[in-house]
Amino acid sequence: MSRDRAVDALRAYAIGGVVFGHWLVTGLVLAADGGLHQASPLTALPGLAPVTWVLQTLGLFFFTAGFGSARSLARYRGGPGGWLAHRFRRLLLPALALLGVGAAVLLAATVAGTPDDTLAVALRLAVSPLWFLLPLLLLVAATGPLRTAVCRWGVARSVAPAVAVVAVADAAVRLLPDDTGLPPVTVVAAWAVPYLLGLAYADGRLAGRRVAGALAGGGAVALAALLALGYPVSAVGVPGAGVSNLNPPSLAAVALAVTQIGLGLLARPALDRLLARPLPGRAAAEVNRSAVRIYLWHQPVLVAVATLTARGGLALPGLHTAPDGPGWVLARCCWLPLLATVLVTLVRAGRPAAPADRAAPAGRWRDRRPVGRVRRDADAGVRSSTFRPARPQEVIAVRDSDPPSRGRADGQPR
């Protein structure tokens, strides 16, 4: 079962959107006592809110996760329990590594006398990416039943209950008092929508430009209607705002996810051509291979770079200054290459090495391979090879001293 280049491209874009989006909206202000305080440029620059529609890509993340789970489950040769354990290990082991390393670093920073404000910001930003594990683990565990539901009832009927749950939760948030404790059901229900769409796409149910156009157009119309009804314009939370589209995820987050998925499917031919090129293809493959580690470590990298450069007491523009104007955004963009370089280095250093191929013994033997049958095509007058599994007596070794023409003239082994 071959890889889908368009899905690989969407997953790489989703991870990149989350990483660069967080780096652009997370201001770390250096205080007089040497501590770092968190701030957001969206507070001073509300005109940047539409940019978050491009960089808030969690819907695409869950869409590609659903696609990957469906493909992985279909080709797994063991039972569903073994497949689930394998998927859980791939998600939980990087998270446990982050917690272990983070605890050691925080302990060392405490001993070194790092200000409490900096420690609190570092802990909050390091732990905050872990929220996605709970809904993702629950959805992965329910992959089998969810696929059955999509096959039996269709995409629309499978998605409708999740949308209804989010709509009821949105109404409750707006109608009930602020201190009313509501269960975080939308954290699972909202992201179940793109996950279900990913399952459906893996089974070939979202093929064709008409379906992609309907998703993109319908999602955009729904998003515009929700904004007209008073939903926040920003796709991410803004400090001081009473309501957020992301915490908990609202109908606007669902509509944005559906729109992005539709646009991504419409762009599938262009994405296929793009990833067919060597450089973009290799870059997307690297991001897909380390997607979870990139997601988990991007905020700790920002905190580490900001903390280490602040030890001299000098507030660097875009890194330690208040995010209060366009100049800060431009300065922060100048820091992005450094942050990306540190993140790539850290992820590569922590990635398990691929198993090395066993080296061939030097000297006597040069080649060892199964021999295939060679037949002549009487009509075309050309030779073609039809390979089959070799019997033990057909495995030959060619010595370094043997002439290259050993064997019969018709190409058959002696």
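By the naming in an unreviewed UniProt entry, the protein chain goes by Acyltransferase family protein and is assigned to Micromonospora vulcania.

Asks: Explain the packing of aromatic side chains to me, using residue names and the numbers behind them.
Replies: This structure, assessed with the given rule, holds 8 aromatic pairs. Note on Phe20 and Trp23: the rings are 5.6 Å apart at their centroids and 90° apart in plane angle, and the pair reads as edge-to-face. With Phe20 and Trp23 both in helix H1 (residues 5-25) and 3 residues apart, this pair spans about one turn of that helix. Taking the relative accessible area as the measure of exposure, Trp23 reaches 0% and is therefore buried. A centroid spacing of 5.5 Å and a plane angle of 40° characterise the contact between Phe67 and Tyr201, whose relative ring orientation is tilted.

Asks: Run through the pattern of salt bridges, naming residues and quoting values.
Replies: A side chain of one charge can pair with a side chain of the opposite charge if their charged atoms are brought near each other. Throughout the structure, instances matching the rule amount to 4 salt bridges. With a closest N to O distance of 3.3 Å, Arg11 and Asp8 form a salt bridge. Here Arg11 and its partner Asp8 are both found in helix H1, 3 residues apart, which amounts to about one turn of the helix. For Asp8, a relative accessible area of 12% corresponds to the buried category. Linking Arg147 and Asp203 is a salt bridge whose minimum nitrogen-to-oxygen distance equals 3.0 Å. One end of the pair, Arg147, is in helix H8 (residues 143-153); the other, Asp203, is in the loop between helix H10 (186-202) and helix H11 (209-228), and 56 residues separate them in sequence.

Asks: Explain the pairing of strand S1 (residues 27-30) to me, and be specific about the residues and the numbers.
Replies: As a general feature of sheets, a regular strand has side chains that alternate between the two faces. Pairing of S1 with strand S2 (residues 36-39), which is carried by 4 bridges, proceeds in the antiparallel orientation. Within S2, the residue paired with Val29 across the bridge is His37. The loop that links S1 with its antiparallel partner S2 comprises 5 residues; one of these, Gly34, has a positive phi angle of about 90°.

Asks: Provide a residue-level description of the packing of helix H6 (residues 116-127) against helix H15 (residues 291-309), including the pertinent values.
Replies: Contact geometry of H6 with H15 gives a least axis separation of 8 Å together with a crossing angle of 160°. With respect to H15, the axis of H6 lies roughly antiparallel. Relative to H15, H6 is oriented so that their crossing is right-handed. Touching Thr118, Ala122, Leu125 and Ala126 of H6 are Gln299, Pro300, Val303 and Thr307, all from H15.

Asks: Could you give an account of the environment of Val211, with specific residues and numbers?
Replies: Along the polypeptide, Val211 turns up in helix H11. A C-alpha to C-alpha distance of 7.9 Å links Val211 and Gly262, two positions 51 residues apart in sequence.

Asks: Hey, could you go over the nonpolar core for me, with residue numbers and the actual values?
Replies: Core analysis: the largest hydrophobic core is formed by 91 residues, its most contacted members being Leu136, Tyr195, Leu197, Leu206, Leu265, Leu296 and Leu343. Beyond its immediate stretch of four places on either side in the chain, Leu197 contacts Phe63, Val155, Val159, Leu206, Val258 and Ile261.

Asks: How would you explain the side chain of Gln260 if you had to name every residue and give the values?
Replies: Of note, Gln260 is situated in helix H12 (residues 251-266). With relative accessibility at 10%, the residue Gln260 sits in the buried group. If we skip the residues at most four places from it in the chain, Gln260 touches Trp53, Val54, Gln56, Thr57 and Leu60.

Asks: So, a nonpolar patch on the surface: which residues are in play, and what are the values?
Replies: A contiguous nonpolar patch, built from Leu92, Leu93, Leu96, Leu99, Leu123 and Val127 and spanning about 520 Å² of accessible area, is present on the exposed surface. Counting only elements with at least two residues in the nonpolar patch, the list comes to helix H5 (80-111) and H6. Looking at the nonpolar patch, the element that brings in the most residues is H5, giving 4 residues. Within the secondary structure, Leu123 sits in helix H6. What makes Leu123 partly exposed here is its relative accessible area of 45%.

Cut-offs used in this document
- Per chain, residues are indexed from 1 in the order of the written sequence.
- Confidence filtering applies because this is a predicted model: local features only for residues at pLDDT of at least 70, side-chain atom pairs given and counted only at 80 or more, and all residues used for totals across whole chains, interfaces and linings.
- Side-chain measures here rest on the full set of heavy atoms in the structure, leaving out hydrogens and waters.
- Between 30 and 60 degrees the pair is tilted, below 30 it is stacked and above 60 it is edge-to-face, where a pair is any two Phe, Tyr or Trp rings, Trp via its six-membered ring, whose centres lie within 6.5 Å.
- Here a strand is any run of E in DSSP of at least two residues, a helix any run of H or I of at least four, and the numbering for each starts at the N terminus.
- Each residue's exposure class comes from its accessible area (1.4 Å probe, protein chains only) as a fraction of the maximum for that residue type: buried when under 20%, exposed when over 50%, partly exposed otherwise.
- For this analysis, a salt bridge means a side-chain nitrogen from Lys or Arg found within 4 Å of a carboxyl oxygen belonging to Asp or Glu.
- Two strands make a pair as long as DSSP finds a minimum of two bridges between them.
- Axis definition: a line fitted to C-alpha atoms, over the contacting stretch in the case of helices. Angles run 0 to 180 degrees between N-to-C directions.
- An angle below 35 degrees is read as roughly parallel, one above 145 as roughly antiparallel, one from 65 to 115 as roughly perpendicular, and any other as oblique.
- By the definition used in this description, the sense in which the near helix is turned from the far one sets the handedness, with an anticlockwise turn below a right angle giving left-handed and a clockwise turn giving right-handed.
- Any two residues having at least one pair of non-hydrogen atoms within 4.5 Å are treated as being in contact.
- Definition used in this section: a nonpolar core is a set of buried Ala, Val, Leu, Ile, Met, Phe, Trp, Tyr and Cys residues joined via side-chain atoms within 4.5 Å.
- Each patch groups residues whose relative accessible area exceeds 30% and which form no salt bridge, using 9 Å between like charges and 5 Å between nonpolar side chains of Val, Leu, Ile, Met, Phe, Trp and Tyr.
- Residue burial considers only the protein chains on display, and all accessible areas are found by Shrake-Rupley using a 1.4 Å probe.

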